[in-house]
Amino acid sequence: MADRQGQFITFEGVEGSGKTTQARLLVERLQADGRTVVQTREPGGTATGEYIRDILQHGRSGETLCAEAELLLFSASRAQLVTQVIRPALQRGEWVVCDRFFDSTTAYQAYGHGFDVDKVEIIHGFAVGATVPRRTFLLDIAVPESLRRMQRRNAEQKTAPDRFEREEIAFHEKVHAGYHALARRDPRRIRVIDATCPANEIADRIWEELEDVRTCTG
Ligand code: Z5A
């Protein structure tokens, strides 16, 4: 059916901004609306991607990962996810909701770690081809508040902060600013959403911001 075309939606933001929560709420709404939805995440989403996630987040090799290798591992995980999961789902006319995508690499590895944005975007093009999100929700929260959320969650779940959560606050501020630079550059795709409201209110706002995409026929 023409009005049931699949769409690719991504969630972005600093850690603890509520991406996983909002991805889940959006998937539930889309399914209730009769759509078939694939929910996935980065890094990960395939067996290969989950191995890569483990290397990236927990440094399993015992070696310090150099920044170039880190960037390419994120991109490798993404290439596998696009080829194996995202592109086939879109070709079947399904929706794909992904927790982080290439904007994370631009925000963390380019704006955060200082790689050249244009060069990083060339790598994105190589990894994903034409499979670009139709809409991206940037969940906006101040860095100190997001870190408080993560500390609360780690305490509740008795989990240790991962390698990224242990970065200095200045790094997270650069990532936050980088995300806003991306949103200013591409406001049609990237919608900035206040992530400090209650989760259901945020979900309502996201649903409204998707209206044109939901009713799109081409
Ligand atoms: N990374 C990278 O550097 N380059 C890349 O290309 C990619 C990733 C793809 C992946 O971590 C790390 O990899 C990430 C960036 C880097 N690290 N950092 N920093 P991840 O995917 O495992 O984790 P994350 O994405 O950073 O965050 P998260 O832990 O999954 O958080 P979240 O998904 O944004 O939020 P949440 O899990 O939905 O909620 C977090 C807590 O806040 C939880 O206790 C909720 O109950 C609570 N919450 C959620 N919504 C609300 C509202 N509205 N109000 C109050 N509390 C809320």
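This is a predicted model, so every value here is computed, not measured. (Residues numbered from 1 in each chain as written. Predicted model: local features only at pLDDT ≥ 70, side-chain atom pairs only at ≥ 80, totals over all residues. Heavy atoms only, no water.)

Draft legend 1. View of helix H7 (residues 169-185). Here H7 contains 17 residues, and its C-alpha end-to-end distance of 25 Å stays within 8% of the 24 Å for a straight helix at 1.5 Å per residue. Buried residues of H7: Phe 171, His 172, Val 175, His 176, Gly 178, Tyr 179, Ala 181, Leu 182 and Ala 183, and no others. Taken together, the buried residues of H7 touch strand S1 (8-12), helix H4 (102-112), helix H5 (117-128), strand S4 (135-140), helix H6 (143-157) and strand S5 (190-194). (Helix = DSSP H or I, 4+ residues; strand = E, 2+ residues; numbered from the N terminus. Expected span 1.5 Å × (residues − 1). Buried < 20%, exposed > 50% of the residue type's maximum accessible area, 1.4 Å probe, protein only. Contact = heavy atoms within 4.5 Å.)

Draft legend 2. Spatial organisation of the sheet that holds S4. Reading across from one edge, S2-S3-S1-S4-S5 is the order of the 5 strands in this open sheet, with parallel pairing throughout. What marks the edges here is a single partner per strand, and that holds for strand S2 (37-41) and S5. Ignoring strand direction, the axes of neighbouring strands in this sheet form an average angle of 20°. Strand direction decides the pairing type here: S1 and strand S3 (residues 95-99), joined by 4 bridges, are parallel. When the bridges of S3 are listed, Phe 11 appears paired with Asp 99. (Pairing = 2+ DSSP bridges. Axes fitted to C-alpha atoms, helices over the stretch in contact; angles between N-to-C directions.)

Draft legend 3. Main features of the layout of surface pockets. A volume near 930 Å³ is recorded for the largest pocket. Taken together, 36 residues form the lining of the largest pocket, with Glu 15, Lys 19, Thr 20, Met 150 and Arg 153 sitting closest to its centre. When contributions to the lining of the largest pocket are tallied by element, the ones reaching two or more residues are helix H1 (19-32), S2, helix H2 (47-58), helix H3 (67-91), H4 and H6. Broken down by element, the residue count for the lining of the largest pocket peaks at 7 residues, all from H6. (1 Å grid on protein atoms, 1.4 Å probe; cavity = no way out; pocket = protein on both sides within 12 Å on 5 of 7 lines; lining within 4 Å. Points joined across faces, edges and corners; volume = space filled by probe spheres on them.)

Draft legend 4. Looking closely at the environment of Leu 210. With respect to the helices, strands and loops of the structure, Leu 210 is situated in the loop between helix H8 (199-209) and helix H9 (211-214). For the pair Leu 210 and Arg 135, spaced 75 residues apart in the sequence, the C-alpha separation amounts to 7.8 Å. Each residue touching Leu 210, except ones within four places of it in the same chain, is listed here: Ile 9, Leu 26, Trp 95, Arg 135 and Phe 137.

Draft legend 5. Spotlight on H4. Within H4, 10 of the 11 residues are buried, which leaves it mostly tucked inside the rest of the structure. On its buried face, H4 sits against S1, H3, H5, S4, H7 and S5. Among the residues trailing H4, Gly 114 stands out with phi positive, at a value near 95°.

Draft legend 6. Representation of the pairing of S4. For S4, a buried count of 5 out of 6 residues is recorded, marking the element as mostly surrounded by other parts of the structure. Of the pairings in the sheet, the one linking S1 to S4 comprises 4 bridges and is parallel in character. In the sheet register, Glu 12 faces S4, and the bridge partner there is Leu 138.

Draft legend 7. Layout of the packing of aromatic side chains. Evaluated as defined, the whole model comprises 5 aromatic pairs. Their ring planes at 35° and their centres at 5.6 Å tell us that Phe 11 and Phe 137 sit as a pair that is tilted. Note that Phe 11 is positioned in strand S1 and Phe 137 in strand S4, a separation of 126 residues in sequence. Of the two residues, Phe 11 and Phe 137, both sit in the buried class. When the centroid spacing of 6.4 Å and the interplanar angle of 85° are considered together, the rings of Tyr 108 and Tyr 179 count as edge-to-face. Highlighted residues: Tyr 108 in helix H4 and Tyr 179 in helix H7, separated in sequence by 71 residues. A single burial state applies to Tyr 108 and to Tyr 179, both of which are buried. An aromatic cluster is built from Phe 8, Phe 101 and Phe 102, whose rings are joined through pairwise contacts. (Phe/Tyr/Trp six-rings, centres within 6.5 Å; stacked < 30°, edge-to-face > 60°.)

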